[in-house]
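Fold and contact review
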Amino acid sequence: MAATLLDGKALADTIRAEIATQVADFTHRCGVKPCLAAVLVGDDPASQVYVRNKQKACEQNGLVSQLHRMEAATSTGQLLERIDQLNTDRNVHGILVQLPLPKQVDSNRVLDAVHPKKDVDAFHPANVGRIMQGRPLFLPCTPHAIQQILLRHQIPTAGAHIVVIGRSDIVGKPIATMLMQKGPGGDATVTVCHSRSRNLPEIARLADILIVAIGRANFVTGDMVKPGATVIDVGINRTESGLVGDVDFNAVRQVAGAITPVPGGVGPLTITMLLHNTLLAARLQA
Ligand code: NAD
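Residues numbered from 1 in each chain as written. Predicted model: local features only at pLDDT ≥ 70, side-chain atom pairs only at ≥ 80, totals over all residues. Heavy atoms only, no water.

**Digging into the domain arrangement of the protein chain**
Cut-off, in case you're wondering: Boundary definitions for the domains trace back to an automatic or database domain assignment.
Assigned domains of the protein chain: these are domain 1 (32–115) and domain 2 (141–267). Summarising the inter-unit geometry, the C-alpha centres of domain 1 and domain 2 are found 29 Å apart.

Okay, structure coming up:
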């Protein structure tokens, strides 16, 4: 039997409506709208689309968005100066530095400069440390999106074996950390696989929940999935046949119990969690 489709678009609409209500309430009580400042360096077309989508989502849900465009030749020092201005600007609650930054920029220095209370991507070492300790200020957007998909579809994580394929700082590492914490959406037994893992297909087949974030089109095939498992596909790969995930969707949906599509799975929820974090940042600073 084909797997249940975990519709990220529908869930994003539900959560965005909840956030819009909370934003309206915050604005009414505090007399200020939560504001996200996006910093975009250079003119990478994909980055421009991502930033535009984030801004649009802010505006549709009652938040304010600012776009700070800087030219491709911007230095680390110039970017640090801009971050400093945004850190002290009382009208700005969340700061997002769109990645990747040009080669000449020291990305770590720039991300470390964002004030932890405005760090809506949760990349600052202080925020990463807090997540590790199970007392987060912000949760990073894509891992939070994955956790919401599991929670809101009542897919139990407690005691489940969850295999994460990919160990990036943005997805793999934080989602693995979050899933092993105590509490709702956690308490899992987590295994992390990566490019150097031996016997990856065998490990993947042990998963009750398989999360894939590697950026390799159709990497996970039907024989790598335990019958009935939940499969969360984070990958976004541009191919000749359009956007595809890291999971061979048509083959895996015949084996899995539930699966996220690409597009329309994790993606729409990631931006939703950015709105959530911007509201949270505004509350922290109110
Ligand atoms: P990344 O390139 O930073 O990291 C990729 C990881 O995959 C690495 O840890 C590497 O060890 C692992 N990997 C690579 N090849 C592998 C292999 N053959 N076997 C096992 N592991 C392998 O990637 P990222 O930033 O985590 O992004 C991963 C994918 O998720 C990309 O397609 C990206 O576009 C997508 N993504 C989607 C969203 C979303 O909102 N849906 C958000 C972030 C990233």
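**Quick word on empty space enclosed by the protein**
The criterion, for reference: The way it works is a 1 Å grid over only the protein atoms, where trapped points that fit a 1.4 Å probe form a cavity and open points with protein on both sides within 12 Å along at least five of seven lines form a pocket, and then any residue with an atom within 4 Å of a point lines it. Grid points are joined across faces, edges and corners, and a volume is the space filled by probe spheres set on the points. Secondary structure counts use DSSP, requiring at least four H or I residues in a row for a helix and at least two E residues in a row for a strand, with both numbered from the N terminus.
Tallied over the full model, the rule gives 1 cavity of 30 Å³ or more. In this model, the largest cavity occupies a volume close to 50 Å³. Lining the largest cavity, in full, are Ile95, Leu96, Val97, Leu111, Val114, Asp119, Asp121 and Phe123. The element contributing the most residues to the lining of the largest cavity is strand 4 (residues 94–97), with 3 residues.

**Quick notes on the nonpolar core**
The tendency in soluble globular proteins is for nonpolar side chains to be buried as a group. What counts, and what does not: Among buried residues, those of type Ala, Val, Leu, Ile, Met, Phe, Trp, Tyr and Cys that are joined through side-chain atoms within 4.5 Å constitute a nonpolar core. Note on exposure labels: buried denotes an accessible area under 20% of the residue type's maximum, exposed denotes more than 50%, and partly exposed covers the range between, all computed with a 1.4 Å probe on protein chains only. Note on contacts: a residue pair is in contact if any heavy atoms of the two residues lie within 4.5 Å.
Ranked by size, the top nonpolar core spans 50 residues in total, and within it Ile146, Ile162, Ile211, Ile232, Val234 and Leu269 carry the most contacts. Listed by contribution, the elements that provide at least two residues to this core are helix 1 (8–30), strand 2 (35–41), helix 2 (45–60), helix 6 (141–152), strand 5 (161–165), helix 7 (172–179), strand 7 (209–212) and helix 10 (266–285). Broken down by element, the residue count for this core peaks at 9 residues, all from helix 10. Each of two domains, domain 1 (32–115) and domain 2 (141–267), supplies a minimum of three residues to this core. Leaving out residues up to four positions away in the same chain, Ile146 has contacts with Val171, Ile175, Ile211, Ile232, Val234 and Val266. Of all hydrophobic cores here, the second largest spans 18 residues; its members include Leu210, Ala229, Val247 and Val252.

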